[in-house]
Amino acid sequence: MYPVKRSSSRLELRELTIEDVDAVLAIYGSPEATEHLSFEPRTREQVSEIVARSVASATAKPRSEYALAVVERGTNELIGFGRLAMDPHQPRGATFGFALRPNAWGVGYGRETVRLLLGLGFEELDLHRIWGARSPHNEASAKTMTAAGMVEEGTIRGHINKAGQWRDSVVHAMLEDEWRASCR
C-alpha cells in the first residue's frame with residue numbers, strides 16, 4: 001500500500017520524504033525523546049540514512065515496513081515518527097513503535113498516533129495482531145498504549161542493550177477483534 005495517508009482530528013500519518021530529515025532529527029537526535037527508546041540519540045548522518053531507507057522501502061512489493069511521519073494537521077509540521085513492521089514469524093502480525101518531539105508530549109498526540117497506526121494495521125493491512133515494547137520506566141508510554149486500547153501482556157527480560165546495559169521491555173498488544181470492539 002503506497003502512499004499511506006491516514007488522519008484523525010488533529011494528526012495525519014503520511015509517507016516520509018527526504019525533506020523530513022531535520023524534523024526526524026529533532027526526535028531521534030534528542031536525548032530527552034530517546035531516553036526510553038532502544039537506541040542512543042542519532043546523528044544527522046544516521047537520521048539521513050534512516051529516512052532514505054524508509055523512503056526507498058515505501059514502494060517495495062510486498063511492503064514489509066511502514067515508517068511514517070506524524071504531522072500536526074493545523075500546522076503541517078512533523079511532530080513524530082510512527083512505524084509498523086510486518087512480523088515474519090507471525091502471520092498477519094506486526095510490531096509497532098512511535099516517538100514524538102518532547103514539545104508535543106502531554107496533549108494526547110501519543111494516543112492519537114497509536115490509534116492511527118493501529119487503524120492502518122487492522123483496517124487497511126488486514127492484520128490480526130499488533131504489538132509494541134516499551135521501557136519498564138516509560139510510564140507515559142504505558143498510559144498511552146493502555147488509553148489506545150492495548151493490553152499489557154508481560155515482560156521480555158534482557159531484551160534491549162542500550163549504552164552497554166541490558167534492559168527489559170514490557171509488551172503491549174491488540175488483536176483485530178479488540179480493535180473492532182474499540183471502534184463501536
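Rules of the game
- One numbering rule holds for all chains: residues counted from 1, following each sequence as written.
- It should be noted that, the model being predicted, local features are given only for residues of pLDDT at least 70 and side-chain atom pairs only at 80 or more, the latter also being counted only at that level, while totals for whole chains, interfaces and linings use all residues.
- As a convention, hydrogens and water are excluded, and side-chain values are obtained from all of the structure's heavy atoms.
- Numbering of helices and strands runs from the N terminus; a helix is a DSSP stretch of H or I covering at least four residues, while a strand is a stretch of E covering at least two.
- Every radius of gyration here is taken over C-alpha atoms, with the globule rule written as 2.2 Å times N^0.38, N being the number of residues.
- For every residue, the accessible area obtained with a 1.4 Å probe (protein chains only) is divided by the maximum for its type, and the residue is called buried under 20%, exposed over 50%, and partly exposed between those limits.
- Here, Shrake-Rupley sampling with a 1.4 Å probe gives the accessible areas, and only protein chains in the shown set may cover a residue.
- Charge counting follows a simple rule: Lys and Arg are positive, Asp and Glu are negative, and His as well as the terminal groups are ignored.
- To locate a charge, take NZ of a lysine, CZ of an arginine, CG of an aspartate or CD of a glutamate.
- What makes a nonpolar core is a set of buried Ala, Val, Leu, Ile, Met, Phe, Trp, Tyr and Cys residues whose side-chain atoms join them at distances within 4.5 Å.
- Working rule for contacts: check all heavy atoms of both residues, and any pair within 4.5 Å makes them a contact.
- Take the residue count of a helix, subtract one, and multiply by 1.5 Å to get its expected span.
- Read the arc as the range of directions from the helix axis to the C-beta atoms.
- Pairs of strands are assigned from DSSP output, requiring at least two bridges between the strands.
- Axes here refer to lines fitted to C-alpha atoms; in helices the fit is confined to the stretch in contact. Angles between the N-to-C directions go from 0 to 180 degrees.

Points about the overall build of the chain
Reasoning step 1: Of regular secondary structure, the chain possesses 6 helices and 8 strands.
Reasoning step 2: In terms of C-alpha radius of gyration, the chain reaches 15 Å, essentially the compact-globule figure of 16 Å for 184 residues.
Reasoning step 3: Principal axes of the C-alpha set define a box for the chain whose edges measure 40 × 40 × 35 Å.
Reasoning step 4: Counting every position in the chain, which comprises 184 residues, the buried fraction comes to 48%.
Reasoning step 5: Surface accessibility of the chain: about 9400 Å² in total, with carbon and sulfur atoms responsible for 50%.
Reasoning step 6: Across the chain, 23 positive and 25 negative side-chain charges occur, with their mean positions spaced 3 Å apart.

Here we look at the nonpolar core
Reasoning step 1: Of all hydrophobic cores here, the largest spans 27 residues; its most connected members are Phe96 and Leu118.
Reasoning step 2: Sorting the residues of this core by element identifies strand S2 (11-15), strand S3 (65-72), strand S4 (77-86), strand S5 (93-100) and helix H4 (109-124) as the ones contributing at least two each.
Reasoning step 3: Among the elements that take part in this core, H4 stands out by supplying 7 residues, more than any other.
Reasoning step 4: Apart from residues no more than four positions distant in its own chain, Phe96 is found in contact with Arg83, Leu84, Val114, Leu117, Ile130, Trp131, Gly132, Met145 and Met150.
Reasoning step 5: Counting 17 residues, the second largest nonpolar core, distinct from the first, contains Val21, Ala33, Val47 and Ala69.

A look at helix H3 (residues 44-57)
Reasoning step 1: Under the 1.5 Å per step criterion, the end-to-end length of H3 is 20 Å for 14 residues, consistent within 8% with the ideal 20 Å.
Reasoning step 2: Burial in H3 covers these residues: Val47, Ile50, Val51 and Ser54. Across the axial projection of H3, the buried residues extend over an arc of 95°, all falling on one side. Projecting away from the buried face of H3 at angles above 90 degrees are the exposed residues Glu45, Arg53 and Ala56.

Description of the sheet that holds S4
Reasoning step 1: Taken in spatial order, the 8 strands line up as S1-S2-S3-S4-S5-S6-S8-S7 in an open sheet, and their pairing is mixed. Because the sheet does not close on itself, it has two edges, and the strands there are strand S1 (5-7) and strand S7 (151-162). On average, each strand axis in the sheet is inclined to that of its neighbour by 25°, with strand direction left out of account.
Reasoning step 2: Taken together, the 8 bridges between S7 and strand S8 (residues 165-175) define a ladder with antiparallel strand orientation. Bridge assignment links Ile156 to a residue of S8, and that residue is Ser169.
Reasoning step 3: Sitting on the sheet, H4 touches S1, S2, S3, S4, S5, strand S6 (129-134) and S8, and the angle it makes with S5 is about 155°.

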